[in-house]
Amino acid sequence: MTAESSTIPSPPSDETSDATADLAHKVEAISRVPIFSRLEPDDRTMLADFVEEQDAAEGDMLFRTGETGERMYIVCEGAVELATTDKLGQKIVLHDAGPGELFGELSLLDQGPRTANAVATAATHLLVLDRGALLRFVRARPEAALDMMAVMASRLRATDQRLRQAAVRNANDVMASHATLIQRATDVIAEFSGSFAFLVLHGVLFAAWIGWNVIPGLEAFDPFPFGLLTMCVSLEAIFLSVIVLLSQSRQASKDRIRTDIEYDVNLKAELEVSHLHDKIDNLQVELLKQLNRIEHDRDR
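Everything numeric in this text was worked out from a predicted model, so none of it was measured. (Residues numbered from 1 in each chain as written. Predicted model: local features only at pLDDT ≥ 70, side-chain atom pairs only at ≥ 80, totals over all residues. Heavy atoms only, no water.)

Moving on, we come to the overall build of the protein chain. A count of helices and strands for the protein chain gives 10 helices and eight strands. For the protein chain, the residues scored as buried account for 26% of the 300 residues in total. In the protein chain, of all internal contacts separated by at least 6 residues, the share reaching a separation of at least 24 is 70%. Total accessible area on the protein chain stands at roughly 20600 Å², and carbon and sulfur atoms take up 60% of it. (Helix = DSSP H or I, 4+ residues; strand = E, 2+ residues; numbered from the N terminus. Buried < 20%, exposed > 50% of the residue type's maximum accessible area, 1.4 Å probe, protein only. Contact = heavy atoms within 4.5 Å. Areas by Shrake-Rupley, 256 points an atom, 1.4 Å probe, with all protein chains shown as cover.)

Okay, here's the thing in structure tokens:
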């Protein structure tokens, strides 16, 4: 038996197979994340080498509001609840991140404090990418950063569109944009019937009608007790009553829209005030840190 024939390639070890399976699992999880959807397969494979795996049991706190963010998370299995609290201490659930979703990326990118609490609501398996690993990946594949920025830009465009749609609306404009031709005519008639010009016009009309039928020498077409005039006025009153009721119904709809708009405005104002309080609190914390640092330097 020759040396060549005696050299038989050894089968892959279990560790190599497990590493390959783990890498494929990471690549699959990364490919489901929107921010990495435009990356090339090689870039995803390279990025998978930089991420770490983490398991969280149900109820585990991944991070809290105000903490410094240096990591972002990809949910492979399980679920994570992102929530915060208002000034009254009431819990506000912002999002429930499921498999294939990413969270914690804002603090990773701008190194700002966390804006929510992240709690695992089930047994969860995560991929974790810290800021240093992301910087190494971007330095190695700078073109991949452009793809990531393109996806983030599309998300910003979608957010901007939502903000435009959620902007303060004018109830009159909303009703006018949905009004039909009949509804517009109804509003015009109802508005005119409640005007002073309507009263003067009917006063002149009634005076001319009655005068024509009571002045001697003129041929009376509706003699006293003016039955035709009574019938015309009754019919007009019926039609005007229906038109006014229709107009009032549209006014009630407009009031409901106005109430919704006022609620949105009040909610936005409350959120802005809460943000201002948070900023003041953060400034106070930073100021105390600076003062403590100055006192520490003096003691030294």
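With that settled, consider the sheet that holds strand β4 (residues 80–85). Ordered by their spatial adjacency, four strands build an open sheet running β2-β7-β4-β5, and the pairing between neighbours is antiparallel. Single-partner strands in this sheet number two, and they are β2 (61–63) and β5 (91–97). Averaged over all adjacent pairs, the angle separating strand axes in this sheet is 30°, with direction ignored. In the sheet, β2 pairs with strand β7 (residues 117–120) via two bridges, with the strands oriented antiparallel. Paired with Met61 across the bridge in β7 is Val119. (Pairing = 2+ DSSP bridges. Axes fitted to C-alpha atoms, helices over the stretch in contact; angles between N-to-C directions.)

Opposite charge on two side chains allows them to pair when their charged atoms are near. Under the definition given, this model contains one salt bridge. For Arg71, the salt bridge goes to Glu52, with nearest N and O atoms at 3.4 Å. Here the residue Arg71 occupies a position in strand β3 (residues 71–77), and Glu52 occupies one in strand β1 (residues 52–56), the gap between them amounting to 19 residues. By relative accessible area, Arg71 is classed as partly exposed at 28%. Given a relative accessible area of 42%, Glu52 falls into the partly exposed group. (Salt bridge = Lys/Arg side-chain N within 4 Å of Asp/Glu carboxyl O.)

What follows concerns the pairing of β7. As a general feature of sheets, a regular strand has side chains that alternate between the two faces. Side chains Ala118 and Ala120 of β7 all project onto a buried face; the interleaved residues Asn117 and Val119 project onto a face where none is buried. Taken together, the four bridges between β4 and β7 define a ladder with antiparallel strand orientation. By the bridge assignment for β7, Glu81 is matched with Val119.

Per the stated rule, a full pass over the model turns up seven aromatic pairs. Ring geometry for Phe50 and Phe137: centres 6.2 Å apart, planes at 65°, overall edge-to-face. Here Phe137 lies in helix α5 (residues 131–140) and Phe50 lies in helix α3 (residues 41–50), a separation of 87 residues in the sequence. Taken as a pair, Phe50 and Phe137 share a single burial class, namely buried. Seen from their ring centres, Tyr73 and Phe103 are 5.2 Å apart, and the 10° between their planes marks the pair as stacked. Taken together, the residues Tyr73 in strand β3 and Phe103 in strand β6 (residues 102–103) connect sequence positions 30 residues apart. Each member of the pair, Tyr73 together with Phe103, is buried. (Phe/Tyr/Trp six-rings, centres within 6.5 Å; stacked < 30°, edge-to-face > 60°.)

Attention shifts here to the packing of helix α8 (residues 181–193) against helix α10 (residues 227–299). Packing of α8 against α10 brings their axes to within 9 Å, and their N-to-C directions diverge by 110°. With respect to α10, the element α8 is oriented roughly perpendicular. The way α8 lies across α10 gives a crossing that is left-handed. Along the contact surface, α8 presents Gln183, Thr186, Asp187, Ile189, Ala190 and Ser193, while α10 presents Leu240, Ile243, Val244, Leu246, Ser247 and Arg250. Taken together, the residues of the contact of α8 with α10 break down into six nonpolar, four polar and two charged. (Parallel < 35°, antiparallel > 145°, perpendicular 65-115°, else oblique. Left-handed = near helix turned anticlockwise from the far one by under 90°. Nonpolar A, V, L, I, M, F, W, Y, C, P; charged D, E, K, R; others polar.)

What follows deals with the sheet that holds β1. Strand order in the open sheet formed by four strands is β1-β8-β3-β6, and the pairing between neighbours is antiparallel. Two strands lie at the open edges of the sheet, namely β1 and β6, each paired on one side alone. For β1 and strand β8 (residues 124–130), the ladder comprises five bridges, and the chain directions are antiparallel. Residue pairing across strands places Asp55 opposite His125, the latter belonging to β8.

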